[in-house]
Amino acid sequence: MPGNLIKLRFTLNERSAILQCHPGTRLLDILRDDFGLKGTREGCARGECGACLVLMNGVPVNSCLIPAFTLSDAEILTIEGIHSLKSLADIRKFLPEKDTFRCGFCSSGIQVSLTAMMLVNPDPNQEEIRQALSGNLCACGNYGGVVAEIIERNSRKRKYARKRSERS
Ligand code: FES
Ligand code: FES
């Protein structure tokens, strides 16, 4: 890729990251090639499928469309961070399990979208869950199964919270 290199400092999964790269390098390639975070996947490469979703400053973005020069001081959270960070342990309990998916290709993007939703709305209804997943394409057609599982998990969570408050 032609052009000068830029030096970037940003936060990646709650740790500071420094990188030298071309300004137009895609965030998707930075994550996969420079940081070995292969959970962020490349599908359409056009911003349509959501396979490459990550959180940037708390907002889901398609990393295939994000150029490196926009990353200075940004906070990036990938599926690896969602699966491992202590700060997200509560949210993790309500994300779909591996066997909810068929091939699993869409799973990272879907979990990123759901995490973004639950960070601001920990008790979503069916419509809000569907809305949160509107940027995710499941080529296996299992979208309904994922939504159903999230609804089920959240209704269990509500029942549990109700029982606890009745006991106290
Ligand atoms: S690979 Fe980025 S939206 Fe499809
Ligand atoms: S489970 Fe295969 S793409 Fe969604």
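A few points on the structure. (Residues numbered from 1 in each chain as written. Chains lettered and ligands numbered in written order. Predicted model: local features only at pLDDT ≥ 70, side-chain atom pairs only at ≥ 80, totals over all residues.)

### Some points on the overall build of the protein
Move 1: In terms of helices and strands, the protein carries 6 helices and 5 strands.
Move 2: What you see in the protein, going N to C, is helices and strands ordered as β-β-α-β-β-β-α-α-α-α-α.
Move 3: In terms of overall dimensions, the protein is globule-like: its C-alpha atoms have a radius of gyration of 17 Å, near the 15 Å expected for 168 residues.
Move 4: Classification of the 168 residues of the protein by burial places 33% in the buried group.
Move 5: Contacts in the protein between residues far apart in sequence, at least 24 positions, make up 58% of those at least 6 positions apart. (Helix = DSSP H or I, 4+ residues; strand = E, 2+ residues; numbered from the N terminus. Rg over C-alpha atoms; globule rule 2.2 N^0.38 Å. Buried ≥ 20, exposed ≤ 12 C-beta atoms within 10 Å, placed from the backbone. Contact = placed C-beta atoms within 7 Å.)

### Quick notes on the environment of Glu 42
Move 1: Within the element layout of this structure, Glu 42 appears in the loop between helix H1 (27-34) and strand E3 (53-56).
Move 2: Classification of Glu 42 by C-beta neighbours within 10 Å gives partly exposed; the count is 14.
Move 3: Each C-alpha atom of the pair Glu 42 and Leu 85 lies 23 Å from the other, and the pair is 43 residues apart in sequence.
Move 4: When near neighbours in sequence (up to four residues on either side) are disregarded, Glu 42 contacts Leu 28, Ala 51, Cys 52 and Cys 64.

### A closer look at the pairing of strand E4 (residues 59-62)
Move 1: Bridge analysis of E3 against E4 gives 4 bridges, and the strand direction is antiparallel. For Leu 55, the partnering residue across the bridge sits in E4 and is Pro 60. (Pairing = 2+ DSSP bridges.)

### Some details on the environment of Gly 47
Move 1: Inspection of the secondary structure assignment puts Gly 47 in the loop between H1 and E3.
Move 2: Given 14 C-beta atoms within 10 Å, Gly 47 falls into the partly exposed group.
Move 3: As a C-alpha pair, Gly 47 and Tyr 160 span 113 residues in sequence and 38 Å in three-dimensional space.
Move 4: Excluding residues that lie within four positions of it along the chain, Gly 47 makes contacts with Asn 62, Cys 64 and Leu 65.

### Considering unusual backbone geometry
Move 1: For Ala 45, which is not glycine, the phi dihedral falls at a positive 60 degrees.
Move 2: On the basis of neighbour count, Ala 45 is assigned to the partly exposed category, with 14 C-beta atoms found within 10 Å.
Move 3: Despite not being glycine, Asn 57 shows a phi value in the positive range, around 50 degrees.
Move 4: With respect to the helices, strands and loops of the structure, Asn 57 is situated in the loop between E3 and E4.
Move 5: Assessed through the 11 C-beta atoms surrounding it within 10 Å, Asn 57 is described here as exposed.

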